[in-house]
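# Reading the structure
Spelled out, the chains give:
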Amino acid sequence: MQTYDIVIIGGGPAGLAAAISARKTGVESILVLERDKELGGILNQCIHNGFGLHTFKEELTGPEYAYRFVEQVLAENIEYRLNTMVMDISSDRVVTAMSKEDGMYQIKAGAIILAMGCRERPRGALNIPGYRPAGIFSAGTAQRLVNIEGYLPGRQVVILGSGDIGLIMARRMTLEGAEVKVVAELMPYSGGLKRNIVQCLDDFGIPLKLSHTVVDIEGKDHISAVTIAAVDDRGKPIPGTEERYSCDTLLLSCGLIPENELSRTAGVEMNPVTSGPIVNESLETNIPGIFACGNVLHVHDLVDYVSEEAGRAGNAAAKFVMGQLPADKGKPVEIKACDGARYTVPSTIDIDRMDDKMTLRFRVGAVYKDSYVSVYFDDERVMHNKKRIMAPGEMEQVILLKDKLVAKPHLKTITVKIEAQ
Amino acid sequence: MHDLIIIGAGVSGAAIARELSKYKLDVCVLEKCQDLCEGTSKANSGIVHAGYDATPGSLKAKLNVRGNEMMTELCKDLDIPFKRNGSLVVSIHKETVDGLKDLYDRGIQNGVKGMKILSREEALQLEPNLSDQVQGALLAETAGIICPFKLNIAMAENANVNGVEFRFNTRVEDIKKDQEGLWHIRTNNGEYICKYIVNAAGVYAGDIHNMVSQDKMSITPRRGDYCLLDKEAGGHVSHTIFPQPTNLGKGVLVSPTVHGNLIVGPTAIDIDDKEATATSQEGINILIEKASDHVKDLPMRKVITSFAGLRAHGTKGDFIIQEVKDAPGFIDCAGIESPGLTSSPAIGEMVANLLVEKLDLKKKEKWIGTRKDILNPAELSLEERNELIKKNPAYGNIVCRCESISEGEIIDAIRRPLGARTLDGIKRRTRAGMGRCQSGFCSPKTMEILHRELGLAYEEIEKSGPGSEIVLERTKNQKGGNY
């Protein structure tokens, strides 16, 4: 069996940043396993710009952003294997992988970093009634067809869901000469970034209908029309509000789901809210030596945050294999999200193991205007930051300082909540 | 000119074709769709019923029990998965629990083996997720689960290897008999001449029948909506769970599938349009409500797809398998609704026997009764899999990550007899695209393989047949244009 100190599953933005960070922390033996034919992950099909504003202070396209990291991986001589699918991970960190060239083989890893990304919620999971014809795509599949394969799915487009990929594809299809008739969003708010609504819909005069959904799909062989209706506050269609749009393409951008099939085979515990692993301050899962970062951990809004988070996972995994990560004493401080904060990553902190500063990321469950992000150490409110607007489509963060926590040796629970005042 | 033409390449047509392929007879199958298994056969519960439902003495009763008996060996011969997981008819009302005994008695009359009436406690012990209201249940050990696509496709493939021709995208428009007693079948694809016809046209069997007979037949499409749940929910029940039957059918069942998903369905809604396989919100709501009567805590959030199928409901309530009185040489195989999938091998046998007697058919000296299914590398050990990839590297390239389907399996599905020509064809043969992402990731890769293997332009690649092309045209850039 082959052995590596760190095996990283996925060569997208998370996996690459984790690899670079682990190398910089001092680990020589690192292997990145990538299922596609090149490094970079989903960024390779994200040919629009807007990446890297936080990390590089400039606007890059997806492939450009990815290449900044690929360059470092190459410069650091970090080993990677392409066209390689990981088939199984065991709880004792044996990775079973497969490729055309190398067949099926096993690797014993000192530590594993999960960086498999996420997938889109398909039509079937949305329970949209109607036919099941050709012409219905998840937005990311359409993005791949247009940007990588060079084919246009159709010319009259309706988009259900206002996730970022859907918004980006509304603009992309318009630039390709297609007519995007409407974007319907079930929720009363968009699931995407404000800037994408402005730059991809408003700038092109594409209407966004909030609290609307698709209630019928017509066309037995190929989609020919959809019916959209307004929904009530429980998400049920309101009779009499139906509008029919003829179309040859329906794109779905209705949420992303972390791809944790492999994590589950290893026995990694999941957070039902994020559908990603439950992790501690080191981004380590319940299985010692298995770490997680990027969209497999929780779906991010900006890739910059993925890179930053993955850097922390790479650093922690490196410390783990070098024996520098203090032993887990099993009595961490719990982090609770409530009152509008849906979850936090991480969800526990072992103060001995944390860095001087730690970013706690979370999302809110609804749109909040002029509200406060509050942090409580047990019953004591220690942070109270006013935010003009918070929306489910954008990630929020608070920064915890180690010295503040060290000063509270009996601290049991940190609570993050949204308060009106 | 053929000796015999079968109209319809669904599971009945395929079963008849395979049985007839044993004999010295020139057989051709006409199918209006692009592929096998495109009508009723592709959208049903995938259940091999035990046979206690049907009225004793009916064809349904006889062929169900016979088909069930034949299934184990047939699936072994055809190398397709089949599991006798057993079924439970669950009673949730004190007033109707005695009805289980009636079903049991009917089963005994029909010749069903392995039945037992269970108390509430016994039922719950067997299936802890049954409703708290359960009063008792009828266990039928011989019931099983099967892949409806694989059964249909395997029988057709095997028939084809034994000399039966198949013509796809060939829709029968009219049938006339000439003075010599030969049938002339007009299709959108030219005329076919034959001595005998078997009508296995599913929901269209009435229309086909009425082309040759004055004794008119009517087939009502009875729509059934289904929800398919993620494999994570596949263990919610281990038996197939039925409510007590009504005159509309066997009711909404909850069952594991032979591939490990959970299926919930069907509804029973009579409609007019024989192509109307659209699901409805109302239908899906009914499913969720009715299924929850018998099985608790159903994880409906784990639905990965929903679909609807049309059962070919005959007015008389029984299968119609006979030579048409005023059209000698024309044999109906109509009204094949549930338990049609279970009965299919027996339907094939019955139609073949009828013809063997009538035409005094002789067996071929050489007939190949077995076939190998598309290899499932997941069943191999690491070493065996390595050997396989060394011999054929395409087995080392995973295309569908949800179901772990390799390029090797997809190429096999395309190259084998009556191979896949469309994305749906590949999906039904290999399960690529049938998992939780519902082909989001693998469809572009599968398209590339179809393009390469069949020499199809991307714009020609179809989901399921003519009119279902996936992409429209090249992007501006690829056409050399400017933005």
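Since the structure is predicted, the reported quantities are computational estimates derived from the model, not experimental observations.

Let us look at the nonpolar core. Membership of the largest hydrophobic core comes to 64 residues, with the highest contact counts inside it found for Ile6(A), Ile8(A), Ile9(A), Leu33(A), Ile89(A), Ile113(A) and Leu114(A). Dropping the residues within four chain positions of it, Ile6(A) is found in contact with Ala22(A), Val27(A), Ser29(A), Ile30(A), Leu31(A), Ala111(A), Ile113(A), Ala317(A), Ala318(A) and Val321(A). In this structure, Ala9(B), Ile16(B), Ala17(B) and Leu25(B) belong to the second largest nonpolar core, which totals 56 residues.

Each side of the interface is counted separately: chain A has 48 residues, and chain B has 55 residues. Between chain A and chain B, a total of about 4,400 Å² is buried, with carbon and sulfur atoms accounting for 55% of that surface. Sorting the residues of chain A by area buried against chain B places Lys100(A), Arg132(A) and Tyr151(A) first, and these three jointly supply 17% of that buried surface. At the surface where chain A touches chain B, the tally comes to 6 salt bridges. At the junction of chain A with chain B, the criterion picks out 21 residue pairs in polar contact (both at pLDDT 80 or more). Each residue belonging to the side of chain A that touches chain B can be placed in one class, and the counts come to 19 nonpolar, 13 polar and 16 charged. Note: strand E11 (residues 151-152) of chain A against strand E23 (residues 473-474) of chain B, 2 bridges, orientation antiparallel. Bridge pairing in E23(B) places Tyr151(A) opposite Arg474(B).

All names here are of chain A. Across 7 bridges, the pairing between strand E1 (residues 2-9) and strand E8 (residues 103-114) is parallel. Considered in E8, the bridge of Ile8 is made with Ile113. As paired strands, E1 and strand E2 (residues 30-33) are joined by 4 bridges and run parallel to one another. Looking at the pairing, Ile8 lines up with Val32 of E2. With respect to chirality, the unit in which E1 leads through helix H1 (residues 13-25) into the neighbouring parallel E2 is right-handed.

This paragraph deals with the domain arrangement of chain B. Residue and element names in this part refer to chain B. Each domain of chain B was delimited in the assignment, giving domain 1 (83-145 + 221-310) and domain 2 (377-460). Using only C-alpha atoms to locate each centre, domain 1 and domain 2 end up separated by 32 Å. Facing 7 residues of domain 1, the contacting portion of domain 2 comprises 6 residues. Contact between domain 1 and domain 2 buries roughly 540 Å² in total, counting both sides, with carbon and sulfur atoms accounting for 42%. The three residues of domain 1 that bury the most area against domain 2 are Lys231, His259 and Ile304, which together make up 61% of that side's buried surface. Glu403 is the partner of Lys231 in a salt bridge, and the nearest nitrogen-oxygen pair spans 2.7 Å. Where domain 1 packs against domain 2, one counts 3 residue pairs in polar contact (both at pLDDT 80 or more). In the side of domain 1 that touches domain 2, the residues fall into 1 nonpolar, 3 polar and 3 charged.

On to the sheet that holds strand E8 (residues 144-146) of chain B, then. Residue and element names in this part refer to chain B. Pairing is antiparallel in the open sheet, where 3 strands are placed in the order E3-E8-E4. At either end of the open sheet lies a strand with only one pairing partner, and these are strand E3 (47-48) and strand E4 (82-83). Of the pairings in the sheet, the one linking E3 to E8 comprises 2 bridges and is antiparallel in character. The residue of E8 that forms the bridge with Val48 is Gly144.

We now examine the packing of aromatic side chains. Evaluation of the coordinates by the stated rule reveals 8 aromatic pairs over all chains. An angle of 70° between the planes, with centres 5.6 Å apart, marks the rings of Phe56(A) and Tyr65(A) as edge-to-face. We classify Phe56(A) as partly exposed; its relative accessible area is 24%. Given a relative accessible area of 0%, Tyr65(A) falls into the buried group. Measuring from ring centre to ring centre gives 5.0 Å for Tyr226(B) and Phe307(B), while their planes differ by 20°; the resulting arrangement is stacked. A residue pair is termed long-range when its members are at least 10 positions apart, and Tyr226(B) in strand E13 (residues 219-229) and Phe307(B) in strand E18 (residues 303-314) qualify at 81 residues. The same class applies to Tyr226(B) and to Phe307(B), which are both buried. Cluster of aromatic residues (ring-pair linked, three or more members): Phe56(A), Tyr65(A) and Phe69(A). The residue whose ring lies beneath Arg68(A) is Phe56(A), and the NZ or CZ to ring-centre distance is 4.9 Å. In this structure, Arg401(B) packs its charged tip against the face of Phe441(B), placed 3.4 Å from the ring centre.

Let's shift gears to the packing of helix H2 (residues 59-78) of chain B against helix H8 (residues 340-359) of chain B. All names here are of chain B. Direction vectors running N to C along H2 and H8 enclose 95°, while the axes themselves pass 6 Å from each other. Accordingly, the angle class assigned to the pair H2 and H8 is roughly perpendicular. Residues Leu59, Lys60, Leu63, Asn64, Arg66, Gly67, Asn68, Met70, Met71 and Leu74 of H2 form the contact with H8, whose participating residues are Leu341, Thr342, Ser343, Pro345, Ala346, Ile347, Glu349 and Met350. In the contact of H2 with H8, the residues fall into 10 nonpolar, 5 polar and 3 charged.

A few words on the pattern of salt bridges. Residue and element names in this part refer to chain B. Tallied over the full model, the rule gives 65 salt bridges over all chains. Ionic pairing is found between Glu19 and Lys22, a salt bridge with its closest N-O pair at 3.0 Å. Each member of the pair, Glu19 together with Lys22, is buried. Here Glu69 makes a salt bridge to Arg66, at a shortest N to O gap of 3.7 Å. Taken as a pair, Glu69 and Arg66 lie in helix H2 at a separation of 3 residues, close to a single helical turn. By relative accessible area, Glu69 is classed as partly exposed at 44%.

Rules used throughout
- Residues numbered from 1 in each chain as written.
- Chains lettered and ligands numbered in written order.
- Predicted model: local features only at pLDDT ≥ 70, side-chain atom pairs only at ≥ 80, totals over all residues.
- Heavy atoms only, no water.
- Core = buried A, V, L, I, M, F, W, Y, C linked by side-chain atoms within 4.5 Å.
- Buried < 20%, exposed > 50% of the residue type's maximum accessible area, 1.4 Å probe, protein only.
- Contact = heavy atoms within 4.5 Å.
- Buried area = accessible area lost by both parts, 1.4 Å probe.
- Salt bridge = Lys/Arg side-chain N within 4 Å of Asp/Glu carboxyl O.
- Polar contact = N/O pair within 3.5 Å; in protein donor to acceptor, adjacent residues only side chain to side chain.
- Nonpolar A, V, L, I, M, F, W, Y, C, P; charged D, E, K, R; others polar.
- Pairing = 2+ DSSP bridges.
- Helix = DSSP H or I, 4+ residues; strand = E, 2+ residues; numbered from the N terminus.
- Right-handed = clockwise from strand over helix to strand, strands pointing away.
- Domains from an automatic or database assignment.
- Phe/Tyr/Trp six-rings, centres within 6.5 Å; stacked < 30°, edge-to-face > 60°.
- Lys NZ or Arg CZ within 6 Å of the ring centre and 35° of its normal.
- Axes fitted to C-alpha atoms, helices over the stretch in contact; angles between N-to-C directions.
- Parallel < 35°, antiparallel > 145°, perpendicular 65-115°, else oblique.

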